[in-house]
Amino acid sequence: MIWCVEDDASIRDIELYALTSTGFEARGFDDGASFWEALQTETPELVLLDVMLPGEDGVSLLKKMKAAPALRDIPVIMATAKGAEYDKIQSLDLGADDYLVKPFGVMEMVSRVKAVLRRCHPADTGHVLSAGGLSMDLDCRTVTADGQRLQLTYKEFELLRLFLSHPGMAFTREQLFTQVWNMEYMDDSRTLDMHIRTLRQKLGAYGKLIETVRNVGYRMEIGL
């Protein structure tokens, strides 16, 4: 079920029609209050969330979702106004999985929804990646360090999976941004650095395995 949170009824109707006509189940909300109330009892597969909403805005709602353990892993695509660069950067920094700039085409919207869902439900599940006492179960989407469960965000999990899948490989910042965020790298965004920093912190002693490669990006040295 895809949830569309959009106060403009004409835009919301088009979003719902485009999704249902391509095989998705979809539900619309015209404000943040009704959307948040529904989240207390139901869990959508993905949320298409407009930034400009009456009452509580989309950025505030995104922040609340990422702060709630039961909601933080729900994929979110933010819809921002043309030229609202700050909204895009802030949304990504808060953990949004992608964004759309209004006015956007319905086929672009459907394509981005499918892309985010593919990333959230990868095909290469069913095995475990490890480095010493660090273990990642791709089927259950869990990470443990010396037997202790770690709480990683979706992006942190995907970064770690990429590193563990290619030990010793130096990834450029552009490669990491493209593969994890599925969009072009933005030089003025500190999103990647922030996620690497928090991932290192959560990994504890294993955080030192993630090395900074000067003038390139990052890599994970399993042999440390």
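Residues numbered from 1 in each chain as written. Predicted model: local features only at pLDDT ≥ 70, side-chain atom pairs only at ≥ 80, totals over all residues. Heavy atoms only, no water.

- In the annotation of an unreviewed UniProt entry, the entry for the protein reads Stage 0 sporulation protein A homolog, and the organism field reads Dysosmobacter segnis.
- One UniProt comment on the protein, placed under Function (unreviewed entry), says "May play the central regulatory role in sporulation. It may be an element of the effector pathway responsible for the activation of sporulation genes in response to nutritional stress. Spo0A may act in concert with spo0H (a sigma factor) to control the expression of some genes that are critical to the sporulation process." (UniProt positions renumbered as here; feature names shortened; annotations may be inferred.)

**Considerations on the packing of aromatic side chains**
- Summed over the entire model, instances satisfying the criterion amount to 4 aromatic pairs.
- Ring centres 6.0 Å apart and planes at 65° place the aromatic pair phenylalanine 163 and phenylalanine 171 in the edge-to-face group.
- On the basis of relative accessibility, which here comes to 0%, the residue phenylalanine 163 falls in the buried class.
- Accessibility expressed as a relative area gives 1% for phenylalanine 171, which makes it buried.
- Joined through ring pairs, the aromatic side chains of Trp3, Phe29 and Phe35 make up one cluster.
- Of note, arginine 27 hangs over the ring of tryptophan 3, and the distance from its end group to the ring centre comes to 5.4 Å.
- For the cation-ring pair, lysine 64 lies above tryptophan 36, with the distance from its terminal atom to the ring centre recorded as 4.2 Å. (Phe/Tyr/Trp six-rings, centres within 6.5 Å; stacked < 30°, edge-to-face > 60°. Buried < 20%, exposed > 50% of the residue type's maximum accessible area, 1.4 Å probe, protein only. Lys NZ or Arg CZ within 6 Å of the ring centre and 35° of its normal.)

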